[in-house]
Amino acid sequence: MRHTPRHAAVALPSRRLQVIAMVMAATLALIATSLVSQSRSQSAQALAKIKCKQTTGTGRFDPIVHHDEQGQVGHNHQFFGNNAWLSLSNPNAANLSDLQGKGTNCENPKDTAGYWVPVLQYTATKKALTPQAFTAYYRSWDFKETGEGQPFPADTRLVAEKHDWSCGQYMSVPPSQAIPDCTGATGKPGSTLTAHIDFPSCWNGVKPNHPASQVGDTTDNKNYAYRVGKSCPSGFPIKMVALRETISYPYTGKGADLELSSDAEHGTSDGQSLHADFFNAWDTAGFASMVKNCISGTGTFTTTECG
């Protein structure tokens, strides 16, 4: 009668333990990979990109630079976001109470801010190009997707001139101050003529003060500054969210046949007068919630709120 060697009797359980250990290790590795992937995905989304449609029509109104002036003045603008502007008897006289709580053309219903830019038009005919898309990007004060930054106080009114033009993120055409040649673009999102305007993200703490009857009102601009490298400049220590207005147009030509409605007024003819306005009529609680959930990383990211 054959007897199984004693060492063979313990070999089978040992192999089973090895197999079980290998399966557990593989399972843990998959879980870890999944968690890392989810973390990276969440991190990549941690900013607000709020898409807004153009409001009805355009107009030679400017509720900041030409505040409380009568009639159509200055150059033509395209308005986005808050859709109360052109229903007012005098859009130039708009104040916070005229805008807050009104409707919006932005996907985030709490974003009732007013955004506007000069009209992009054909030089020969002055016919306006209808924007393909408008997006208000909100990031941390130092332009990172996740980080520090406070919401702008209600009624903040800013005009930003720091800008560049491109042919979209999928094109190798370098950003420029003037309208570039986009003849190689497809005209699809990310491959078409695109304007970018950045707002300052450092504040001195002076709160907005806008008398209803004040004529012309750019006082908030002196209370804000752009960051310098990795810090806010002296006198502007409070870190706010960084806002970028981005407008893409269905255009793939050389650019020589285009101008902005503000170019002649600024003594140029190639889009170098690009600028943008921001009138903070956000729902206050909605703005704070967006910053918490979409930028600071301390809340819950949702596409409904953050885009």
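The model shown is predicted, which means the values in this text are computed figures rather than measured ones.

(A) The overall build of the protein, seen in detail. Across its full length, the protein carries 4 helices and 15 strands. Looking at the protein as shown, the accessible area adds up to about 15,400 Å², and 56% of this sits on carbon and sulfur atoms.

(B) Molecular detail of helix α3 (residues 284–295). With 12 residues, α3 should reach 16 Å at 1.5 Å per residue; the first-to-last C-alpha distance of 16 Å fits that figure. Taken residue by residue, α3 has Gly286, Phe287, Met290, Val291, Asn293, Cys294 and Ile295 as its buried positions. Packed against the buried residues of α3 are β1 (48–52), β6 (133–139) and α4 (303–306). One or two positions beyond α3, positive phi appears at glycine 297, with a value near 80°.

(C) Structural context of the pattern of salt bridges. Under the criterion given, the structure shown has 7 salt bridges. A salt bridge links glutamate 148 to lysine 239; its shortest N-O distance comes to 3.9 Å. Of this pair, glutamate 148 sits in the loop between β6 and β7 (157–160) while lysine 239 sits in strand β12 (residues 238–239); the two residues are 91 residues apart in sequence, bridging distant segments of the chain. Residue glutamate 148 is classed as partly exposed on the basis of its relative accessible area, which comes to 48%. Judged by relative accessible area, which is 27%, lysine 239 ranks as partly exposed. Ionic pairing is found between aspartate 181 and lysine 254, a salt bridge with its closest N-O pair at 3.7 Å. One end of the pair, aspartate 181, is in the loop between β8 (162–166) and β9 (194–198); the other, lysine 254, is in the loop between β13 (242–248) and β14 (258–260), with 73 residues separating them in the sequence. Judged by its relative accessible area of 57%, lysine 254 falls in the exposed class. Through salt bridges that share partners, Asp155, Arg157 and Asp217 make up one connected network.

(D) Region of interest: the sheet that holds β8. Spatial strand order, β1-β6-β13-β9-β8: 5 strands in an open sheet with antiparallel pairing. The open sheet has two edge strands with one neighbour each: β1 and β8. Ignoring strand direction, the axes of neighbouring strands in this sheet form an average angle of 20°. Here 5 bridges tie β8 to β9, and the two strands are oriented antiparallel to one another. When the bridges of β9 are listed, aspartate 164 appears paired with histidine 196. Docked against the sheet, α3 engages β1 and β6, running at close to 75° with respect to β6.

(E) Broad picture of the state of the cysteines. The full count for this structure, using the stated rule, is 4 disulfides. What pairs with cysteine 52 in a disulfide is cysteine 106, and their sulfur atoms sit 2.1 Å apart. Across the S-S bond of cysteine 52 and cysteine 106 the torsion is about 95°, and the bridge reads as right-handed. Placement of the pair is cysteine 52 in strand β1 and cysteine 106 in the loop between α2 (96–99) and β4 (114–118), with a sequence separation of 54 residues. In this structure, cysteine 52 and cysteine 106 share a single accessibility class: buried. Between cysteine 202 and cysteine 232 runs a disulfide, and the two sulfur atoms are separated by 2.1 Å. Between cysteine 202 and cysteine 232, the S-S torsion sits near -80°, and that sign places the bridge as left-handed. With cysteine 202 in strand β10 (residues 202–203) and cysteine 232 in the loop between β11 (224–225) and β12, this pair connects stretches of sequence that are 30 residues apart. Accessibility assignment for this pair places cysteine 202 and cysteine 232 in one class, buried. The connectivity of the disulfide-linked cysteines in the protein, indexed sequentially, is 1-2, 3-4, 5-6, 7-8.

(F) Structural context of the sheet that holds β10. Read from one edge of the open sheet, 3 strands run β11-β10-β12, paired in antiparallel fashion. Edge positions in the sheet fall to β11 and β12, since each of these pairs with one other strand and no more. Here β10 pairs with β12 via 2 bridges, running antiparallel. Paired with cysteine 202 across the bridge in β12 is lysine 239.

(G) Molecular detail of the side chain of serine 262. Along the chain, the position of serine 262 falls in the loop between β14 and β15 (276–279). A residue is classified by how much of its surface remains accessible, and serine 262, at 0% relative accessible area, is buried. Apart from residues no more than four positions distant in its own chain, serine 262 is found in contact with His75, Pro118, Ser273 and His275.

Cut-offs and rules
Position numbers for residues count from 1 along each chain, tracking the sequence in the order it is written. Note on the predicted model: pLDDT of at least 70 is required for a residue's local features to be given, and 80 or more for side-chain atom pairs to be given and counted; whole-chain, interface and lining totals, by contrast, use all residues. By convention in this description, side-chain values take in all heavy atoms of the structure and omit both hydrogens and water. A run of H or I in DSSP becomes a helix once it reaches four residues, and a run of E becomes a strand once it reaches two; helices and strands are each numbered from the N terminus. What sets the accessible areas is the Shrake-Rupley method with a 1.4 Å probe; for residues, cover comes only from the shown protein chains. A helix is expected to reach a length of 1.5 Å times the quantity of its residues less one. Relative accessible area decides the class of each residue, using a 1.4 Å probe on protein chains only: under 20% of the type maximum gives buried, over 50% gives exposed, and in between gives partly exposed. Contacts are residue-level and defined by heavy atoms, with any inter-residue pair within 4.5 Å sufficient. Salt bridges are counted wherever a side-chain nitrogen of Lys or Arg sits within 4 Å of a carboxyl oxygen of Asp or Glu. What makes two strands pair is DSSP finding at least two bridges between them. Only the stretch in contact is used when fitting a helix axis, every axis being a line fitted to C-alpha atoms; angles between N-to-C directions are given from 0 to 180 degrees. Criterion for a disulfide: a pair of cysteine sulfur atoms within 2.5 Å.

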